Amino acid sequence: MIKAVLFDIDNTLLSFDEYVKAAMKSGFEEFGLCKYEDYMFSEFTKTNSELWHSLERGELSFEELKRIRWNLIFEKMGISADGVAFEKYFRSFLYSSAILIENAEEILQYLFGKYILCAASNGPFLQQENRLRVGNLLQYFSHLFISEEIGFSKPAKEFFDICIERLNSGSDENIQPDEILIVGDSLSSDMAGGIQSGIKTCFYNPDSKPIPQEMNIDYSIKSLCDIKEIL
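Residues numbered from 1 in each chain as written. Predicted model: local features only at pLDDT ≥ 70, side-chain atom pairs only at ≥ 80, totals over all residues. Heavy atoms only, no water.

Engineer: Sorry, what's going on with the overall build of the protein chain here?
Structural biologist: Helix and strand counts for the protein chain stand at nine helices and six strands. Computed over C-alpha atoms, the radius of gyration of the protein chain comes to 18 Å, within 12% of the 17 Å expected from 2.2 N^0.38 for 231 residues, which places it in the range of a compact globule. If you line up the protein chain on its principal axes, its C-alpha atoms span 55 × 35 × 35 Å. Out of the 231 residues in the protein chain, the part that is buried amounts to 50%. For the protein chain, long-range pairs separated by at least 24 residues make up 61% of all intrachain contacts whose partners lie at least 6 apart in sequence. If you sum the accessible surface of the protein chain, you get close to 11,100 Å²; carbon and sulfur atoms cover 47% of it. (Helix = DSSP H or I, 4+ residues; strand = E, 2+ residues; numbered from the N terminus. Rg over C-alpha atoms; globule rule 2.2 N^0.38 Å. Buried < 20%, exposed > 50% of the residue type's maximum accessible area, 1.4 Å probe, protein only. Contact = heavy atoms within 4.5 Å. Areas by Shrake-Rupley, 256 points an atom, 1.4 Å probe, with all protein chains shown as cover.)

Engineer: It is not clear to me how the environment of Cys34 should be interpreted in this structure. Could you clarify?
Structural biologist: Structurally, Cys34 is set in the loop between helix H1 (16-30) and helix H2 (39-56). The class of Cys34 is partly exposed, set by a relative accessible area of 37%. Spatially, the C-alpha atom of Cys34 lies 49 Å from that of Pro177, the residues being 143 residues apart in sequence. In this view, Cys34 contacts Phe28, Met40 and Ile79; residues no more than four positions away in its chain are not counted.

Engineer: Hey, could you run me through the packing of helix H3 (residues 62-77) against helix H4 (residues 83-95) in this one?
Structural biologist: Helix-helix packing is described using two parameters, namely the angle between the two axes and the distance between the axes. The geometry of H3 relative to H4 is characterised by a closest axis approach of 8 Å and an angle of 110° between their N-to-C directions. Taken together, the axes of H3 and H4 are roughly perpendicular relative to one another. Note on packing geometry: the crossing formed by H3 with H4 is right-handed. For the pair H3 and H4, the contacting residues are Phe62, Lys66, Arg67, Arg69, Trp70, Asn71 and Phe74 in the first and Gly83, Val84, Phe86, Glu87, Phe90 and Arg91 in the second. (Axes fitted to C-alpha atoms, helices over the stretch in contact; angles between N-to-C directions. Parallel < 35°, antiparallel > 145°, perpendicular 65-115°, else oblique. Left-handed = near helix turned anticlockwise from the far one by under 90°.)

Engineer: What is the right way to read the pattern of salt bridges from this model?
Structural biologist: Working definition: two side chains of opposite charge can pair if their charged atoms are close together. All chains considered together, the criterion is met by 14 salt bridges. Among the salt bridges present, the one from Glu59 reaches Arg57, with a minimum N-O distance of 3.0 Å. The exposure class of Arg57 is exposed, given its relative accessible area of 54%. Salt bridges here are not isolated pairs; linked through shared partners, they connect Asp8, Lys154 and Asp190. (Salt bridge = Lys/Arg side-chain N within 4 Å of Asp/Glu carboxyl O.)

Engineer: Would you mind showing me how to read helix H5 (residues 104-111) here?
Structural biologist: Because each turn of an α-helix spans 3.6 residues, side chains separated by three or four positions in sequence point in the same direction. Buried within H5 are the following residues: Ala104, Ile107, Leu108 and Leu111. Seen end-on, H5 carries its buried residues on one side only, within an arc spanning 100°. Buried residues belonging to H5 abut strand E1 (4-7) and strand E2 (116-121). In the segment just after H5, Gly113 is the residue with positive phi, at about 90°. (Arc of directions from axis to C-beta.)

Engineer: Would you mind going over the packing of aromatic side chains with me for this structure?
Structural biologist: The geometry of two aromatic rings is summed up by the distance between their centres and the angle between their planes. With the rule as written, the count across this model stands at 20 aromatic pairs. With a centroid separation of 5.2 Å and an interplanar angle of 75°, the aromatic rings of Phe74 and Phe86 are classed as edge-to-face. Of this pair, Phe74 sits in helix H3 while Phe86 sits in helix H4, placing them twelve residues apart in sequence. Look at Phe74 and you get buried, because its relative accessible area is 1%. For Phe86, a relative accessible area of 1% translates into the label buried. Seen in terms of ring centroids, Phe112 and Tyr140 are 5.7 Å apart; in terms of plane orientation they differ by 80°. Their pairing is edge-to-face. You can see Phe112 sitting in the loop between H5 and E2 and its partner Tyr140 sitting in the loop between helix H6 (125-134) and strand E3 (143-146), a full 28 residues away along the chain. (Phe/Tyr/Trp six-rings, centres within 6.5 Å; stacked < 30°, edge-to-face > 60°.)

What follows is the structure, encoded as structure tokens:
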């Protein structure tokens, strides 16, 4: 029986993609760069995904990612700009961004009081906490498991071990891994981490991305409201 639910934040509860588009449009104007065009988002996504996968594999630190991300993106776009300065603007913009995924608050309201709800996210603690606050979602969570504060990033088993330890700290319930469900949009981070930690997995997959046959994911949903059919 599921007792606790871990929710990824970016592109699961809050739309990181829509935030990026808004930040790029605003930032390009602020920095006097060329006009933002839709293809630029694809360039960002490709480079950003490669960097985050390197971080998940332990090949790159978060500080290193922040230092090189926009310089790499600008180089690929043929734009001459200070990527470090733009990263600072980008993260400042992100700090107060809270564009909710459809049905995000509805499903948290549905689960609240029935399960222990926790956020489980890679990123800076204060940033992720504030975004949940701005989006009026912070009130639903008993725990915030954020990589900067945890000391490990998903999918590391250590990240999930600490989550389980903290869930049981000061509690007599002794929650087991198979009594925890993680909901997230990333196969390489949320699903891979959950599987290797013995946690039940729910893949938020609104775009019907293919799932590798070797990944034994417990549930796949297209809408967050589909969780009502599971819990």
